[in-house]
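Reading the structure
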Amino acid sequence: MTARRSAPSAGGAHGTPGPFAREVDVLVVGAGPAGLVAAARLAASGAGRIEVLEREREAGGVPRHCAHGGFGTRTHPLTGPEYARLLAEAAGRAGAVLRTGVTALDWGTAPGAAGAQGSGTGADTGAQHGPVLPGVVLNAVGPGGPETIGARAVVLATGARERPRTARLVPGTRPAGVYTTGELQQAVHLFGQRIGTRAVVVGAEHVSYAAADTLRAAGAEIVALVTEQLRAQVPVTRAQSARLRHRIPLLTQTTVAELLGHGRLSGVRVRHRDGRTAVLSCDTVVFTGDFIPDHELARRGSLALDPGTRGPAVDGFLHTSRFGVFAAGNVLHAVEPADAAAREGARAARAVLGFLAGAAWPGPGVPLAVEAPLRWIAPNRITPAARPERYVLRTAAPLRRPVLYVHQDGRLLHHERPVPAAALPHRTLTLTARWHHRVDATGGEVRVSVR
């Protein structure tokens, strides 16, 4: 690693020193499970200086404020904070540098990078050979001010976030007492803040029930869970436990139509599918689920985004459309469990090691898309040498004993009945990659449908 101060003329005004310019081997953006595992594997493999940028004050991502269990392994179960701490400590022990409170803002230009990246093998594949020193440049800001960091490779692991009330276009006033699950869990578990006494939870997914648990831990009464779906998107035992053991009502086929109250929330107006409305008296409402990838940095870097996932489009080895930039974790698919994101971080590390050793950067590949009621699939680009471990999908409607079909240019490549036999919205659906070798790299789009 080298470090230098940029020339005064290149940075601050009035002759003050410019941003600090540094070079590392691999820069990881985001210190959640995917980013931390990628950094640990790269550092342990001797990939050089590995630096992780995290905008929060602590590394660990979402698990930091998930006080419940469900993390780790069957033989070594952990709570979210324990899991986050374990991953952060492992990355540090491996030699990765974790820098918290640092936000990656934008992309810069590497001196001479354009010429170095232009050693492609031709128009047939669009592949480029690397790596280049430095291949990618990011502008960031942290406690020491603005800085510019060059890296041979970048791993984007910026995760996902829930859409807040404003993005869901829920009418009404703007009172206090409105949260997403992440905001609620941070307020309760990280900062010990007071929450209201009567709460409505919008959604009936796993994350919704986790929000209900957090509210109960904070001493609030759950007025109801409200979902526009026909049923809860969790196993029956989970839903029954909440309803019977904790006496939490579930209102299905119902939406929150308006927030009421000035200063503090006083209630929510809900509307059933048949048009009936009612007011639920409450001082807290939590909007859960409806995740979207945290893709702003990818957008600013002009990375190609998949129209289904809205995250960076990647192939099976997690190459994005930008030379030297990989992506892993829930920025690709909002959202999968933490252990799935961690496995993807390990896969990204293996791909980065190959790239640093001189492997070619692939061309754009063949697009992979889905047909309704399927919503999206990831990875969503197919390149011949990059077979993924599996594909993950989501459906917009419940599917009973579905069969997935894969076609290209009218040719059936594969069909299978996925496990579990029933698929629900917001739940993971998987497709094997056994058909990968049957794709014509010069053919048209590959499409996945369901019957």
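Residues numbered from 1 in each chain as written. Predicted model: local features only at pLDDT ≥ 70, side-chain atom pairs only at ≥ 80, totals over all residues. Heavy atoms only, no water.

Re the overall build of the chain
Within the chain one finds eight helices and 32 strands. Per-residue burial for the chain yields a buried fraction of 51% across its 451 residues. About 20,400 Å² of surface is accessible on the chain, with carbon and sulfur atoms providing 52% of the total. (Helix = DSSP H or I, 4+ residues; strand = E, 2+ residues; numbered from the N terminus. Buried < 20%, exposed > 50% of the residue type's maximum accessible area, 1.4 Å probe, protein only. Areas by Shrake-Rupley, 256 points an atom, 1.4 Å probe, with all protein chains shown as cover.)

So, the pattern of salt bridges
All chains considered together, the criterion is met by 24 salt bridges. A salt bridge links Arg-390 to Glu-336, with the nearest nitrogen and oxygen atoms 3.9 Å apart. You can see Arg-390 sitting in the loop between strand 25 (381–382) and strand 26 (391–395) and its partner Glu-336 sitting in the loop between strand 21 (325–327) and helix 8 (338–356), a full 54 residues away along the chain. Taking the shortest distance from any N to any O, the salt bridge between Asp-339 and Arg-343 comes out at 3.7 Å. Highlighted residues: Asp-339 and Arg-343, both in helix 8, separated by four residues, approximately one helical turn. Residue Arg-343 is classed as partly exposed on the basis of its relative accessible area of 44%. The network of salt bridges with common partners includes Arg-22, Arg-49, Glu-51, Arg-99 and Glu-147. (Salt bridge = Lys/Arg side-chain N within 4 Å of Asp/Glu carboxyl O.)

Considering the nonpolar core
With 62 residues, the main nonpolar core has Ile-50, Val-154 and Leu-156 as its most contacted residues. If one sorts the elements of this core by residue count, helix 8 sits on top with ten residues. (Core = buried A, V, L, I, M, F, W, Y, C linked by side-chain atoms within 4.5 Å.)

What to know about helix 4 (residues 181–190)
Residues separated by three or four positions in an α-helix point in the same direction, a consequence of the helix having 3.6 residues per turn. Buried within helix 4 we find Thr-181, Gly-182, Leu-184, Gln-185, Ala-187 and Val-188. Looking at the buried positions of helix 4, the neighbouring elements they touch are strand 11 (160–162), strand 12 (178–180), helix 5 (206–217) and strand 19 (284–287). After helix 4 finishes, the residue Gly-192 shows a positive phi value of roughly 60°. (Contact = heavy atoms within 4.5 Å.)

Considering the sheet that holds strand 13 (residues 198–202)
If you trace the five strands from one edge of the open sheet to the other, you get 12-19-13-14-15, paired in parallel fashion. Two strands close off the open sheet at either side, each with one partner strand: strand 12 and strand 15 (250–251). Across three bridges, the pairing between strand 12 and strand 19 is parallel. Counterpart to Thr-180 in the pairing with strand 19 is Phe-287. Against the sheet, helix 4 makes contact with strand 12 and strand 19, and its axis sits at roughly 100° relative to strand 12, the strand it touches most. Strands strand 13, strand 14 (221–226), strand 15 and strand 19 of the sheet are contacted by helix 5, whose axis makes an angle of about 170° with strand 14. (Pairing = 2+ DSSP bridges. Axes fitted to C-alpha atoms, helices over the stretch in contact; angles between N-to-C directions.)

Topic: unusual backbone geometry
The linkage connecting Ala-334 with the following residue, Val-335, adopts the cis geometry, with an omega of -10°. For Val-335, the location among the structural elements is in the loop between strand 21 and helix 8. Positive phi values are uncommon outside glycine, yet Asp-290 reaches one of about 55°. Along the chain, Asp-290 turns up in the loop between strand 19 and strand 20 (291–293).

A closer look at the packing of aromatic side chains
The final tally for this structure, using the stated rule, is seven aromatic pairs. Through pairs of rings, three or more aromatic residues link up here, namely Phe-323, Phe-326, Phe-355 and Trp-361. (Phe/Tyr/Trp six-rings, centres within 6.5 Å; stacked < 30°, edge-to-face > 60°.)

Thoughts on the packing of helix 4 against helix 5
One can describe the packing of helix 4 onto helix 5 by two numbers: an axis separation of 10 Å at closest approach and a directional angle of 30°. Considering the angle they form, helix 4 stands roughly parallel to helix 5. The interaxial crossing formed by helix 4 with helix 5 has left-handed handedness. Side by side, helix 4 and helix 5 meet where Thr-181, Leu-184, Gln-185, Val-188 and His-189 of the first sit next to Val-207, Ala-210, Ala-211, Thr-214 and Leu-215 of the second. Of the residues assigned to the contact of helix 4 with helix 5, the class counts are six nonpolar, four polar and no charged. (Parallel < 35°, antiparallel > 145°, perpendicular 65-115°, else oblique. Left-handed = near helix turned anticlockwise from the far one by under 90°. Nonpolar A, V, L, I, M, F, W, Y, C, P; charged D, E, K, R; others polar.)

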